[in-house]
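One-letter residues, chain by chain:
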Amino acid sequence: MSFFKKITAITAFSVIVFSCSTSEEKAEISDTSETSEFKIDYEKFTLDNGLEVILHEDHSDPIVAVATMMHVGSNREKPGKTGFAHFFEHMSFNDSENTPVGANRKLIPEWGGQRNGGTWTDGTVYYEVVPKDAFEKILWIDSDRYGYMINTVTEAALEREKQVVKNEKRQRVDNAPYGYTDEIIRKNLYPEGHPYSWTVIGSLPDLQSATLEDVKEFYKKYYGASNGSLVIAGDIDVEKTKELVKKWFGEIEKGPEVEPLTPMPVTLSESKSLYFEDNFAKLPELRMVFPTVEEYHKDVYALQILGQLLTGSKKSPLYKVLVEEKKLAPRPFSFQNSNELAGEFTFGVRANVGKDLDSIKAAITEGLARFEKDGFTDNELKRIKAELETGLYQGFSTVLNKAFQLVQDNEFNGDPGYISKTAKLTNAVSRDDVMRVYNTYIKGKNYVMTSVVPKGQLELAVTGSNQASVWIEEVKNDVANEEVSQGEEAVYEKTPSTHDRSEPDFGELPLFKAPAVWTSEASNGIKIFGIENKELPLVSFDITIDGGHLLDPLDKSGISSLMTSLMMEGTASKTPAELEEAIGLLGASINMFSGSEEIRITGSCLSKNFKETLALVEEILLQPRWDEQEYNRLKQALQTSLKGREANPNSIASINFNKLVYGDQHILGTPNSGTLTTINNITLEDVKAHYNTLSSKNAAFHIAGNITKETVNDALSSLATNWNTEKVEIPQPETVINNKTDQLYFIDVPNAKQSVIFIGNLALSASNEEFNNLNYANEILGGGSSGRLFQTLRIEKGYTYGAYSGIRALKNISPLAVRTSVRANATLPSLKIIEGMITNYEESFDKDAAETTKTKILKGSTRAYEGLGDKLNILREMSKYNKSESFIEDDQKELVEMNELNFKSIISKYYKENEMIYLVVGDKATQLEEVKKLNKVVTELDIHGNKI
């Protein structure tokens, strides 16, 4: 897994990027600055082989997170050998001397755990979260990957993993709009040979030429114990853990000393302007990138705040010029991205349809001139600091997040607890600091500018731009070196050890105890569900109102989504900018959106600010502003977004699959956000009328965090008094099940490097008594990296980056579906494999599969409800499906009582291959004739689902 975007928050579902460095100009903290106290307890020690170990006790849940970070990223590569750090991360997840073949990807999920890894410019991280009974097992498997994997690498494994990485690049870069932007910027911002002048994923020709000797040389040079850090966080005993770490990690070779890299910031002698015609983009995009400073430099904190000031709010100068005044784009962005050797400050604007980028560039210049003249208010600075404080706590809401922060700051700054200094340094940023970094790094400085425009619309690029040089792969059928297999296991002599390195036993089985739920009812009938959790001074909450997309008229699909967006744009007494500032000054976040079956307004904040945050939620809900100017802006932004969606093969596949299974007369067969046609039918008066579908009688309130039942009930009294409306009947749309057999639909995306595949049909509602059993039965086929789809299509064949199956929980009937993206020339073989797996699933599901399913799901529940968001999901499930407080234990009991025949019965009923709809989105020129060989009835559709 490689990481392409810099973000500040780490969550289980987000891309993770660490920025790290050492610097002679590290920030220092003034003793007189006003700071907020924030720290994390840990114990640090070093093994004899040089591995630095950090332990953090957290007994909130019976789980343990383990993170190993290696101080080697793409910045250690050389031209001609690019992408190797990321490729080696992939190789490391294959086999090792003392574990069964495929154990890393297969066993950990079956123990109830999760695992992954990531590579960026400066480092590589491997991480797992497991139930505490598997703690020693994860030390065994983690240490074996670290110190005992290299002898098991074979030519077959090497070639297979090359295909996986190629598929990752095709999916994330080649088949994605604006996917080549990072490559263009790096080539032109950094001089040839600079460690950041190539992308993390590297060049495919470089990757294809990698040899077994290259892999071994890389391992020997960079994977010594002294070049890494290990963090263990969670439900551990520190003294016992120290002994286990010494046992499992203590004999790993120290390795050669890795020479530290010093910062290599760059300067540009002139500005550069480049253009690229993008095969997948539907909207023109401009980026301007200025060279700045490396991570931990004293100016990083002010640069981060500068990014927020310039584009992060409705008062920001670039927002006002680009969005409000000139109406050129939905929203600009700017941010500071620092890494170990250098940093970048980026401005970005994805423009409205047909807007030329010369006008975007001129508007940015005008916005910056306004910033220089008018500056910013004290409240804006205060707002940003308040938001960052809340974000700091949210970043520590799980043991995995804590492990990431500890290991990052230890490996790249030598101080696992540096986060406490980060909080103080951020809070100490002054007005003068912000203006100083602006004048130092942005004003009048040279930059790299990219104009990425839709293919055939070169007139939209900035005048005078030069064509960017990008290497684009040509995917061909019947390429011999892309056909790979599992191959023979390596023959080698095992590395000697003084310890028995065979698999340890499970520890004592952790008893999962569902969090205590409290309930009450407001005077207006709103049901209230809560979970008190005192670990951090945070709360997360929502008001969920039944209806959502189900209440959209078919010809005005998307009206609920547009309405919720408009309701966040000010209130009767607050302009959009004033509302945004009021939320920000509390360090809170409030969002409102429409889902398939409900509208939800969510909030998160520090516990001390809950009452004030809830008051703003009440104001948003009961006193909408209905600002016509904001309505027009949002509608244009939505149209821009919908047009951009037409460029994304995954979006095209998802939207059309729903249309195929539900039919075009069912509201769930249209996207929640609508289409260009339906959005054009909506007026502001329609939105105002639709507001009346928000009923207190259809609402529930959910809250989790450091707050008492009494405090919540008291804070809700105002909303209960002021919101009391009649119940609204929720439509129950008629569903017509597809009765045709052996149907395959094909949508052409010319020159697509991958084919997106959806296979499935409508199955059942989450209210159906068989829903849980179907969910359980799916685990072996498509439940994560241990599923058969993933193991075959990725691990064995190298056709894809991932392959999964599952069913979404809805009150309405929902589809059971297989989803994957495979390299274009593997489309037909992949379809045949999936067809066979579904056809033979009942017959191949045996007693072992039943037991594996039980273990995987039951143990996985120990980590399923750790975060506040997870706890909210418990409450939402209770209210939506009228479940009891004991539903988690009841569901587990139901699973335990299932036997092999029960699983087979469910599979037989719902996995009917010939009744499933096949959808392929890919390159017609090379793949249409291929898929016709599958012996299905093939129908061609356009990207909107119309028959050709």
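Predicted, not measured: the structure shown is a model, and the values here were computed from it. (Residues numbered from 1 in each chain as written. Predicted model: local features only at pLDDT ≥ 70, side-chain atom pairs only at ≥ 80, totals over all residues. Heavy atoms only, no water.)

S.K.: Account for the overall build of the chain, naming residues and giving values.
M.R.: Each helix and strand in the chain was counted, giving 32 helices and 24 strands. For 948 residues, the compact-globule estimate of 2.2 N^0.38 gives 30 Å, and the chain sits close to it at 27 Å. C-alpha extents for the chain along the principal axes are approximately 75 × 65 × 60 Å. Taken over 948 residues, the chain has a buried fraction of 61%. Distance between charge centres in the chain, computed from 105 positive and 139 negative side chains, equals 3 Å. (Helix = DSSP H or I, 4+ residues; strand = E, 2+ residues; numbered from the N terminus. Rg over C-alpha atoms; globule rule 2.2 N^0.38 Å. Buried < 20%, exposed > 50% of the residue type's maximum accessible area, 1.4 Å probe, protein only. Lys, Arg positive; Asp, Glu negative; His and termini not counted. Charge placed at Lys NZ, Arg CZ, Asp CG, Glu CD.)

S.K.: An account of the confidence of the model for the chain is needed here, citing residue identities and associated values.
M.R.: When pLDDT is low, close inspection of the predicted coordinates is not appropriate. With 94% of its residues at a pLDDT of 70 or more, the chain shows a mean pLDDT of 91. The low-confidence segment residues 1–25, where pLDDT is below 50, has 84 contacts with residues more than four positions distant or belonging to other chains. Overall, residues 28–36 carries pLDDT values under 50, and its contacts beyond four positions in sequence, including any with other chains, amount to 12 contacts. (pLDDT = per-residue confidence, 0-100. Contact = heavy atoms within 4.5 Å.)

S.K.: Break down the sheet that holds strand E3 (residues 63–70) for me, citing the residues and quoting the values.
M.R.: As a general point, the strands of a sheet are linked pairwise by backbone hydrogen bonds and lie either parallel or antiparallel. An order of E1-E2-E6-E3-E5-E4 is seen for the six strands of this open sheet, with the pairing classed as mixed. Among the strands making up the open sheet, the edge pair consists of strand E1 (43–46) and strand E4 (114–119). Neighbour to neighbour, the strand axes of the sheet diverge by 15° on average, direction disregarded. Where E3 meets strand E6 (residues 228–234), seven bridges bridge the pair, whose relative direction is antiparallel. By the bridge assignment for E6, valine 66 is matched with isoleucine 232. (Pairing = 2+ DSSP bridges. Axes fitted to C-alpha atoms, helices over the stretch in contact; angles between N-to-C directions.)

S.K.: Give a description of the sheet that holds strand E11 (residues 448–454) that names residues and reports values.
M.R.: Read from one edge to the other, the open sheet built from six strands follows the order E9-E10-E8-E11-E7-E12, with strand pairing classed as mixed. Across the chains shown, the open sheet's two edge strands, defined by having one partner strand only, are strand E9 (332–338) and strand E12 (466–467). Relative to E11, strand E7 (residues 272–278) runs parallel, the two sharing seven bridges. Looking at E11, one finds that lysine 272 is bridged to valine 448.

S.K.: Just give me the short version of the side chain of asparagine 524, but keep the residues and values in it.
M.R.: Assignment of secondary structure puts asparagine 524 in the loop between strand E13 (518–521) and strand E14 (527–532). Only 3.3 Å separates the side chain of asparagine 524 from the backbone nitrogen of isoleucine 526, close enough to count as a polar contact. Reaching out from asparagine 524, the side chain makes a polar contact with the backbone oxygen of tryptophan 723 at a distance of 2.6 Å. Each residue touching asparagine 524, except ones within four places of it in the same chain, is listed here: Ser696, Lys697, Leu719, Ala720, Trp723 and Asn724. (Polar contact = N/O pair within 3.5 Å; in protein donor to acceptor, adjacent residues only side chain to side chain.)

S.K.: Before we move on, could you go through the pairing of strand E5 (residues 124–131) and cite the residues and values that matter?
M.R.: Where burial is concerned, most of E5 is hidden: eight out of the eight residues are buried. Relative to E5, E3 runs antiparallel, the two being bridged by eight bridges. Bridge pairing in E5 places alanine 65 opposite valine 129. The pairing of E4 with E5 spans six bridges and is antiparallel. Paired with asparagine 116 across the two strands is tyrosine 127, which belongs to E5. From the end of E4 to the start of E5, which pair antiparallel, there are four residues.

S.K.: Let's hear about the packing of aromatic side chains: which residues, and what values?
M.R.: Any two aromatic rings considered together are summarised by their centre-to-centre distance and by the angle between their planes. A complete count under the given rule lists 31 aromatic pairs for this structure. Judged by centre distance (6.4 Å) and plane angle (65°), the rings of tyrosine 126 and tyrosine 223 are edge-to-face. With tyrosine 126 in strand E5 and tyrosine 223 in the loop between helix H7 (212–222) and E6, this residue pair connects regions lying 97 residues apart in the sequence. With respect to class, tyrosine 126 is no different from tyrosine 223; both count as buried. Here the aromatic rings of phenylalanine 541 and phenylalanine 610 are separated by 5.3 Å at their centres, their planes lie at 85°, and the arrangement is edge-to-face. With a gap of 69 residues between them, phenylalanine 541 in strand E15 (residues 538–546) and phenylalanine 610 in helix H18 (residues 610–622) connect regions that are remote in the sequence. Here phenylalanine 541 and phenylalanine 610 have matching classes, each one buried. A connected cluster of aromatic rings, assembled from ring pairs, spans Phe84, Phe87, Phe88, Phe93, Tyr126, Phe218, Tyr219, Tyr222 and Tyr223. We note lysine 137 situated over the ring of phenylalanine 506; from NZ or CZ to the ring centre the distance is 4.3 Å. One cation-aromatic arrangement involves lysine 859 over phenylalanine 506; the distance from NZ or CZ to the ring centre is 3.2 Å. (Phe/Tyr/Trp six-rings, centres within 6.5 Å; stacked < 30°, edge-to-face > 60°. Lys NZ or Arg CZ within 6 Å of the ring centre and 35° of its normal.)

S.K.: Give me the pattern of salt bridges: which residues, what numbers.
M.R.: Summed over all chains, the structure comprises 59 salt bridges. Among the ionic pairs, glutamate 503 bridges to lysine 137, the shortest N-O distance being 2.6 Å. Here glutamate 503 is found in the loop between E12 and E13, whereas its partner lysine 137 is found in helix H3 (residues 135–147), with 366 residues between them in sequence. By relative accessible area, glutamate 503 is classed as partly exposed at 35%. (Salt bridge = Lys/Arg side-chain N within 4 Å of Asp/Glu carboxyl O.)

S.K.: Which residues make up helix H14 (residues 419–427), and what values go with them?
M.R.: When we look at burial in H14, the residues that qualify are Ile419, Ser420, Thr422, Ala423, Leu425 and Thr426. Contacts made by the buried residues of H14 are with helix H9 (300–311), helix H12 (378–394) and helix H13 (399–413).

S.K.: Quick one: what's the story with the nonpolar core, residue by residue and with numbers?
M.R.: Judged by nonpolar contacts, the single largest core of 71 residues is most densely connected at Leu306, Leu322, Phe347, Ile360 and Ile364. It is H9 that provides the largest number of residues to this core, a total of eight residues. Residues Val72, Phe93, Val165 and Tyr222 belong to the second largest nonpolar core, which totals 55 residues. (Core = buried A, V, L, I, M, F, W, Y, C linked by side-chain atoms within 4.5 Å.)

S.K.: With reference to specific residues and values, describe the pairing of E7.
M.R.: Across the seven residues of E7, five count as buried, placing the element largely inside the fold. The pairing of E7 with E12 spans two bridges and is parallel. Bridging from a neighbouring strand, tyrosine 275 pairs with glutamine 467 of E12.

S.K.: Before we move on, could you go through the side chain of serine 696 and cite the residues and values that matter?
M.R.: Secondary-structure assignment places serine 696 in the loop between helix H22 (684–690) and strand E18 (699–705). Not counting residues within four places of it along the chain, the set of residues in contact with serine 696 comprises Asn524, Ile526, Trp723, Asn724 and Thr725.

S.K.: Can you break down the environment of threonine 121 residue by residue, with the values?
M.R.: Within the fold, threonine 121 resides in the loop between E4 and E5. Distance in space between the C-alpha atoms of threonine 121 and histidine 86 is 9.4 Å, their sequence separation being 35 residues. If near-sequence neighbours (up to four positions away) are discounted, threonine 121 is found in contact with Gly73, Ser74, Asn75, Arg186, Tyr196, Val200 and Asn339.

S.K.: I'd like a rundown of the environment of glutamate 270, residues and numbers included.
M.R.: With respect to the secondary-structure elements, glutamate 270 resides in the loop between helix H8 (238–249) and E7. Between the C-alpha atom of glutamate 270 and that of tyrosine 447, which follows or precedes it by 177 residues, the distance is 7.4 Å. Excluding its chain neighbours within four sequence positions, the residues that come into contact with glutamate 270 are Asn446 and Tyr447.

S.K.: So, H9: which residues are in play, and what are the values?
M.R.: Compared with an ideal rise of 1.5 Å per residue, which puts 12 residues at 16 Å, H9 spans 17 Å between its outermost C-alpha atoms and is within 8% of the ideal. Restricting attention to buried positions, one finds in H9 the residues Val300, Tyr301, Ala302, Leu303, Ile305, Leu306, Gly307, Leu309, Leu310 and Thr311. (Expected span 1.5 Å × (residues − 1).)

S.K.: Before we move on, could you go through the packing of helix H4 (residues 155–174) against helix H25 (residues 788–796) and cite the residues and values that matter?
M.R.: Contact geometry for H4 and H25: axes closest at 8 Å, N-to-C directions at 105°. With respect to H25, the element H4 is oriented roughly perpendicular. Judged by residue contacts, Arg160, Glu161 and Val164 of H4 engage Arg794, Ile795 and Glu796 from H25. (Parallel < 35°, antiparallel > 145°, perpendicular 65-115°, else oblique.)

S.K.: Can you tell me about unusual backbone geometry, naming the residues and giving the values?
M.R.: At lysine 327, a position not held by glycine, the phi torsion is positive, near 55°. Note on placement: lysine 327 falls in the loop between helix H10 (317–325) and E9. Overall, the relative accessible area of 40% leaves lysine 327 in the partly exposed class. Unusually for a residue other than glycine, asparagine 935 sits at a positive phi of about 65°. Taking the relative accessible area as the measure of exposure, asparagine 935 reaches 67% and is therefore exposed.

S.K.: Can you lay out the environment of leucine 309 for me, pointing to particular residues and giving the numbers?
M.R.: Looking at where leucine 309 falls in the secondary structure, it is placed in helix H9. According to the relative accessible area criterion, leucine 309 is buried, its value standing at 2%.

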